[in-house]
Amino acid sequence: MTFSQLNYVLEVSRCGSINKAASKLFVSQSNLSNSIQELEKELDIKIFLRSSKGIELTPEGSEFLSYIRPLIEQHKHIINLYEQKNAKPTLRLSVATQRYPFAVKAFTELLNSSDHPKYEMRIKETGIYQIIEDVYNNDCSIGVIYISRESEDFIRKTLESRNLIFNAVKTINPRVYFRKDHPLANKDIIHFYQLLDYPYVVFDHGQGKSLYYTEEVNLAGFKLPEKLIFVHDRASMYNIVSQTDAFSIGSGILSKGFCDDNIISVPVECNSDDVMKLGWIKHANKTLNEVEELYISYLEKSLENE
């Protein structure tokens, strides 16, 4: 007696037909019929009555069926249990980042390196306020942000109040983004007064939120131009800067293959302490899993090579 034979008996009783049961079980009608007959012979009972009207259980068959049902269900349960235990777990990663191409580059490099059969990966580009909230609420495990001289006290206190920690990776001086043939693109360094006549593209961080949550570095002595363009996503910023005389200020990191090739970055005049500390945040008491640690290593490598 085998579990295959028991399953055959159960399916035939459900279908009331050898032909229908064979079709559902993907076996031939003759093989199914012979297997049940061998079982009947082994147990010395008659499980089914066959007639021109079809097939039905005998009293012995009904009793036999009541015994094998729990066996079959337990058999299935054991198989499913050990299949799940032996299966590799799902790798999970959820990243929230400011509009940084190097963060996306690290994400794609992680994807290309993974041969795991099962994973769930998420990346979200948004403002620093939302990044902090996402990590705090465990919607994302890692947040990629920057801290400036002006915002450092405020951001660090905000992180501390939410039991989050900032891990610095690289400190850089801010730069100006231009299109390649912009009137100022040939300058070795950009002075503030040279920018006043051009539109300034900034990321909209939302009304009512602190100015410390702005994406752009608030440089000492930098007076905002009268022409401001607010955008929500990195693609819009690239498109506008690439096709107009507008500019933006940021890290200046233009990861090859992840930015508009028509855009360059030029150093901006600033004080020695007007720097951007690029890094990532997480819950202070949370241990990163394997794939999260791997993403951080690609992030650090991406920044080192820029």
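Rules used throughout
Residues numbered from 1 in each chain as written. Predicted model: local features only at pLDDT ≥ 70, side-chain atom pairs only at ≥ 80, totals over all residues. Heavy atoms only, no water. Pairing = 2+ DSSP bridges. Helix = DSSP H or I, 4+ residues; strand = E, 2+ residues; numbered from the N terminus. Axes fitted to C-alpha atoms, helices over the stretch in contact; angles between N-to-C directions. Contact = heavy atoms within 4.5 Å.

Asks: For the sheet that holds strand S12 (residues 276–283), give the residues involved together with the corresponding values.
Replies: What links the strands of a sheet is backbone hydrogen bonding, and the strands pair in either a parallel or an antiparallel sense. Read across the sheet, five strands follow the order S4-S3-S5-S12-S6 without closing on themselves; strand pairing throughout is mixed. Only two strands of the sheet have a single partner each, and these edge strands are strand S4 (119–125) and strand S6 (164–172). Strand-to-strand twist in this sheet, taken as the mean axis angle between neighbours without regard to direction, amounts to 20°. Across three bridges, the pairing between strand S3 (residues 91–97) and strand S5 (residues 142–148) is parallel. Across the sheet, alanine 96 pairs through a bridge with glycine 143, a residue of S5. Its contacts with the sheet place helix H6 (residues 128–136) against S3, S4, S5, S6 and S12, and it is angled at close to 140° to S5. Where helix H10 (residues 290–304) meets the sheet, it contacts S3, S4, S5, S6 and S12, and its direction lies at approximately 40° from that of S3.

Asks: Kindly report on the sheet that holds strand S11 (residues 263–267), identifying the contributing residues and their values.
Replies: Spatially, S10-S7-S11 is the arrangement adopted by the three strands of the open sheet, whose pairing is antiparallel. This sheet does not close on itself; its edge strands, each paired only once, are strand S10 (248–250) and S11. Taken pair by pair, the neighbouring strands of this sheet meet at an average axis angle of 35°, ignoring direction. Examined bridge by bridge, strand S7 (residues 175–179) and S11 share five bridges and lie antiparallel to one another. By the bridge assignment for S11, arginine 179 is matched with isoleucine 263. Strands S7, S10 and S11 of the sheet are contacted by helix H9 (residues 234–243), whose axis makes an angle of about 65° with S7.

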